[in-house]
Amino acid sequence: MGLKPWLENLLPFAAMVAVECLDVGLTTISKSAMSQGMSHFAFVAYSNALATLILSPTLLLPERIKRPPITLQLLGKFFLLGLTGITIVQNCVFTGVNYSSPTLGSAMSNVCPAFTFILAVIFRMEKVRLGSLKSQVKILGTIVSISGALTVTFYKGPSLWSASTPSQSNFHSTPHFTSSDMLASASDWVIGGFFFAVASLSVATWSILQAAAMKGYPSGITVVFFYCLFGAIQCLVVSLIAEREPNAWKLRPDIELGAIVYSAVCGNVVSYGIQTWCIVKRGPVFVSMFKPLGIAVAALLGVIFLGDTLHLGSVVGAVVIVAGFYGVIWAQSKEEEDGEECIENLPSTSQKRPLLHSH
């Protein structure tokens, strides 16, 4: 009997670690596919359409709770969830990946905790007591995590580990770089960072909107389906406007098709489903604070599959990020033990029902 509560407490942590691994794997495989000429607009449109198709049968599954009626106001909320959680995020992320690298994307995603924390305070979903040690640790932990992300982004340091892979020749085929080449590369890196920053702000907004939506509509699987549906429609419209080349919509049965299937299943259905469940169980700040773990995974996959070089700055930054991460988790656990009202504890007991067990 004592084992079940222990597993229930451990499951959200294990689930979010798995989500970070899946998300970094997605950016890595998408970078590889786009390096071979695949349009990221077509990629986003196809993957979200497939994800919506996969989720469709879930509406027919019986649930333990009766689904409330779908109202126009509720559809508006789903539309905003699709806009912030899929359309803006995915188009910005894959544009950023196209300009830079998955490692930079994982590093820049660490502004999510700061954005989420600030938005949660603004919308009074998080109570901050500056005189409380737990609140101070939470704030300090968020600042430390962001500092570590900035270290990873702006300080490389000496090379620690590199791997020569076939894909490496695709990215580094030029034997030397001129000053104009280096300037263009730096410019692309900044542009990529800007798109990643916009995506992080959108993710933070989505987390807050998702928590609010789950309070009024406890059927998690229905929420996931509808915002995936709206996201797919929005992405299709954006892609048709931005991508006018007919050949860009032709799929090849190689890594392009594999990337789309992986994105639809792991990046959309599995990832969004788990994140929705974790938001219900622990709140949006808990979900966003796992973003720092993606840096280490991105650096490792980048070295193995993309031929990237692991630098000292990546290791130092990762250590700093993990320190901040555990500071926030410690403060959160203490708040839960003391029974304090915080963003991680949604007030309605119906919202505490696990999404994965709601049908």
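The structure we're discussing is the one just above.
For clarity, every value in this text was computed on a predicted model and none was experimentally measured.

Asker: Got a minute to help me understand the overall build of the chain in this structure?
Answerer: Counting its regular elements, the chain contains 13 helices and two strands. Going through the 359 residues of the chain one by one, you find that 52% of them count as buried. Working note: accessible area of the chain is about 16,500 Å², and carbon and sulfur atoms make up 70% of it.

Asker: Explanation requested: the packing of aromatic side chains in the structure shown.
Answerer: For any two aromatic rings, the description comes down to two numbers: the centre-to-centre distance and the angle of the planes. Inspection of the entire model under this criterion finds eight aromatic pairs. On the numbers, 5.3 Å between centres and 10 degrees between planes, the contact of Phe78 with Phe226 is stacked. One end of the pair, Phe78, is in helix α3 (residues 72-99); the other, Phe226, is in helix α9 (residues 220-242), and 148 residues separate them in sequence. Taken together, a centroid distance of 5.3 Å and an interplanar angle of 75 degrees make the contact between Phe225 and Phe226 edge-to-face.

Asker: What exactly am I supposed to notice about helix α12 (residues 293-305) here?
Answerer: Residues spaced three or four apart along an α-helix point in a common direction, a consequence of the helix completing one turn every 3.6 residues. With 13 residues, α12 should reach 18 Å at 1.5 Å per residue; the first-to-last C-alpha distance of 19 Å fits that figure. Here α12 has its buried residues at Gly294, Ile295, Val297, Ala298, Ala299, Leu301, Gly302 and Val303.

Asker: Sorry, what's going on with a nonpolar patch on the surface here?
Answerer: On the surface, Leu160, Trp161, Leu300, Ile304, Phe305, Val315 and Val319 cluster together into a nonpolar patch covering about 650 Å² of accessible area. Those elements that place two or more of their residues in the nonpolar patch are β1 (159-162), α12 and α13 (312-338). When residues of the nonpolar patch are assigned to their parent elements, the largest contribution, three residues, is made by α12. Here Leu300 lies in helix α12.

Asker: So what exactly am I meant to see when it comes to the pattern of salt bridges here?
Answerer: Close approach of charged atoms allows side chains with opposite charge to pair. Applying the stated rule across the entire model yields two salt bridges. With a shortest N-O distance of 3.9 Å, Arg252 and Asp254 are connected by a salt bridge. Close ionic contact of Arg252 with Glu256 constitutes a salt bridge, the shortest N to O distance being 2.5 Å. Here the residues in one salt-bridge network are Arg252, Asp254 and Glu256, joined through shared partners.

Asker: Looking at this model, I keep getting lost on the side chain of Glu256. Mind explaining?
Answerer: By the element assignment, Glu256 lies in helix α10 (residues 255-282). A polar contact of 2.5 Å, which involves the side chain of Glu256, links it to the side chain of Arg252. Excluding anything up to four places from it in sequence, Glu256 contacts Ala33, Met38, Lys250 and Leu251.

Asker: Help me understand empty space enclosed by the protein, please; the structure alone is not making it clear to me.
Answerer: Think of a ball as big as a water molecule: rolled over the atoms, this probe shows where empty space is left. Within the structure shown, the criterion is met by two cavities of 30 Å³ or more. There is about 490 Å³ of room inside the largest cavity. Lining the largest cavity are 28 residues; nearest its centre among them are Asp23, Thr27, Val89, Val93 and Lys291. Among the elements of the structure, α1 (3-35), α3, α4 (102-108), α8 (179-216) and α10 are those that each provide at least two residues to the lining of the largest cavity. Tallied by class, the residues present in the lining of the largest cavity amount to 13 nonpolar, 12 polar and three charged.

Asker: What am I meant to see in the environment of Asn268 here?
Answerer: Counting through the fold element by element, Asn268 comes out in helix α10. C-alpha separation for the pair Asn268 and Ile54, spaced 214 residues apart in sequence, amounts to 10.0 Å. Setting aside anything within four residues of it in sequence, one finds Asn268 in contact with Ser47, Asn48, Ala51, Gln90, Ser263 and Gly273.

Asker: Just checking my understanding: could you explain the packing of helix α2 (residues 40-55) against α3 for this structure?
Answerer: To describe two helices that pack against each other, one gives the angle between their axes and the distance between the axes. It is the contact of α2 with α3, at a shortest axis distance of 10 Å, that shows an interaxial angle of 140 degrees. By the criterion of interaxial angle, the relationship of α2 to α3 is oblique. Of the two possible hands of crossing, α2 and α3 adopt the one that is right-handed. Contacts between α2 and α3 involve His40, Phe41, Phe43, Val44, Ser47 and Asn48 from the first element and Ile86, Gln90, Asn91, Phe94, Thr95 and Asn98 from the second. The residue makeup of the contact of α2 with α3, split by class, is five nonpolar, seven polar and no charged.

What counts and how
- Residues numbered from 1 in each chain as written.
- Predicted model: local features only at pLDDT ≥ 70, side-chain atom pairs only at ≥ 80, totals over all residues.
- Heavy atoms only, no water.
- Helix = DSSP H or I, 4+ residues; strand = E, 2+ residues; numbered from the N terminus.
- Buried < 20%, exposed > 50% of the residue type's maximum accessible area, 1.4 Å probe, protein only.
- Areas by Shrake-Rupley, 256 points an atom, 1.4 Å probe, with all protein chains shown as cover.
- Phe/Tyr/Trp six-rings, centres within 6.5 Å; stacked < 30°, edge-to-face > 60°.
- Expected span 1.5 Å × (residues − 1).
- Patch = residues over 30% accessible without salt bridge, like charges linked within 9 Å, V, L, I, M, F, W, Y side chains within 5 Å.
- Salt bridge = Lys/Arg side-chain N within 4 Å of Asp/Glu carboxyl O.
- Polar contact = N/O pair within 3.5 Å; in protein donor to acceptor, adjacent residues only side chain to side chain.
- Contact = heavy atoms within 4.5 Å.
- 1 Å grid on protein atoms, 1.4 Å probe; cavity = no way out; pocket = protein on both sides within 12 Å on 5 of 7 lines; lining within 4 Å.
- Points joined across faces, edges and corners; volume = space filled by probe spheres on them.
- Nonpolar A, V, L, I, M, F, W, Y, C, P; charged D, E, K, R; others polar.
- Axes fitted to C-alpha atoms, helices over the stretch in contact; angles between N-to-C directions.
- Parallel < 35°, antiparallel > 145°, perpendicular 65-115°, else oblique.
- Left-handed = near helix turned anticlockwise from the far one by under 90°.

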